[in-house]
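Topology and contacts: notes
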Amino acid sequence: MRLASQLFRTASLVALAGWSVLIFLPGWSLAEEAALGVGVVLLAVIYLVLLAMALRQKRVPGAPRPGFFTLKGVLALLANPLAAVAAWVHLLAFDLMVGVMIHHEGSAAGMSHMALVPCYLLTMLFGPLGLLLFLVIR
């Protein structure tokens, strides 16, 4: 559990660093590369480690079978702290990747940075809602 907590904190800080680059350094020529190359790639590595650790753990006899295709299966999967942190890191990585896409597409469309900031914040906090806002205002 201690390792899961440490990886949770580390992943959250990595994601925050990526978002900070997009929000606070919009004119930096390497903003997308930093958010993607450092942020998303590092999150993917953390995810790989967590997933490998979660898959190696033994299932408790009599517990519901973990899986992806039923609610019971997903709940059983997320009952494992390592798998729950892996799911969180998965969300962090994909939300940040969407942020990079918003930055790229918004810049290419000539949108002002101030128009993109609410999209970044919503994506960081509520994923698809930030993407939806970007698609509407674009």
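The structure under discussion appears in the preceding block.
A brief report on the enclosed structure follows. (Residues numbered from 1 in each chain as written. Predicted model: local features only at pLDDT ≥ 70, side-chain atom pairs only at ≥ 80, totals over all residues. Heavy atoms only, no water.)

Our next topic: the side chain of aspartate 95. Along the chain, aspartate 95 turns up in helix H4 (residues 81–108). Buried charge without a partner: aspartate 95 forms no salt bridge, and the closest opposite charge is arginine 138, 17 Å away. The contact partners of aspartate 95, leaving out residues within four places of it in the chain, are Trp19, Thr123, Met124 and Gly127. (Helix = DSSP H or I, 4+ residues; strand = E, 2+ residues; numbered from the N terminus. Buried < 20%, exposed > 50% of the residue type's maximum accessible area, 1.4 Å probe, protein only. Lys, Arg positive; Asp, Glu negative; His and termini not counted. Salt bridge = Lys/Arg side-chain N within 4 Å of Asp/Glu carboxyl O. Contact = heavy atoms within 4.5 Å.)

This next bit is on the packing of helix H1 (residues 2–24) against helix H5 (residues 113–126). Contact pair H1 / H5: the axes reach a minimum separation of 10 Å and the direction vectors enclose 165 degrees. Of the possible angle classes, the one that applies to H1 and H5 is roughly antiparallel. As H1 runs across H5, the sense of the crossing is left-handed. Every residue of H5 that contacts H1 at Trp19, Leu22 and Ile23 is listed here: His113, Tyr120, Leu121, Thr123 and Met124. When grouped by side-chain class, the residues that make up the contact of H1 with H5 number six nonpolar, two polar and no charged. (Axes fitted to C-alpha atoms, helices over the stretch in contact; angles between N-to-C directions. Parallel < 35°, antiparallel > 145°, perpendicular 65-115°, else oblique. Left-handed = near helix turned anticlockwise from the far one by under 90°. Nonpolar A, V, L, I, M, F, W, Y, C, P; charged D, E, K, R; others polar.)

Here the focus is H4. Taking 1.5 Å of rise per residue, the 28 residues of H4 would be expected to cover 40 Å, and the 40 Å separating its terminal C-alpha atoms lies within 8% of that figure. The residue sitting at the N-terminus of H4 and contributing the capping side-chain oxygen is asparagine 80; that oxygen lies 2.8 Å from the backbone nitrogen of leucine 82. Glycine 110 sits one or two positions beyond H4 and adopts a positive phi of about 75 degrees. (Expected span 1.5 Å × (residues − 1). Polar contact = N/O pair within 3.5 Å; in protein donor to acceptor, adjacent residues only side chain to side chain.)

Next up on the list: the nonpolar core. Grouped together as the largest cluster of nonpolar side chains are 30 residues, with contacts concentrated most on Leu22, Leu43, Leu50, Val89 and Tyr120. Secondary structure elements with two or more residues in this core: H1, helix H2 (31–56), H4 and H5. Here the element with the most residues in this core is H4; it accounts for ten residues. When neighbours within four sequence positions are excluded, leucine 50 is seen to be in contact with Leu7, Leu82, Val85, Ala86 and Val89. (Core = buried A, V, L, I, M, F, W, Y, C linked by side-chain atoms within 4.5 Å.)

Turning our eyes to something else, we now look at a nonpolar patch on the surface. Side chains of Leu125, Phe126, Leu129, Leu132, Val136 and Ile137 sit close together on the surface and give an oily, nonpolar patch of about 610 Å² of accessible area. Looking at the nonpolar patch, the elements that each hand over two or more residues are H5 and helix H6 (128–137). By residue number, the principal contributor to the nonpolar patch is H6, which donates four residues. Within the secondary structure layout, leucine 129 lies in helix H6. Looking at leucine 129, the relative accessible area reads 47%, which means it is partly exposed. (Patch = residues over 30% accessible without salt bridge, like charges linked within 9 Å, V, L, I, M, F, W, Y side chains within 5 Å. Areas by Shrake-Rupley, 256 points an atom, 1.4 Å probe, with all protein chains shown as cover.)

This part covers the packing of H4 against H6. Where H4 meets H6, the axes come as close as 10 Å, and the angle between the chain directions of the two elements is 10 degrees. When the interaxial angle is binned, H4 and H6 end up roughly parallel. Residue-level contacts link Val98, Met101, Ile102, Glu105 and Gly106 of H4 to Gly130, Leu131 and Phe134 of H6. A breakdown of the residues in the contact of H4 with H6 according to their chemical character gives five nonpolar, two polar and one charged.

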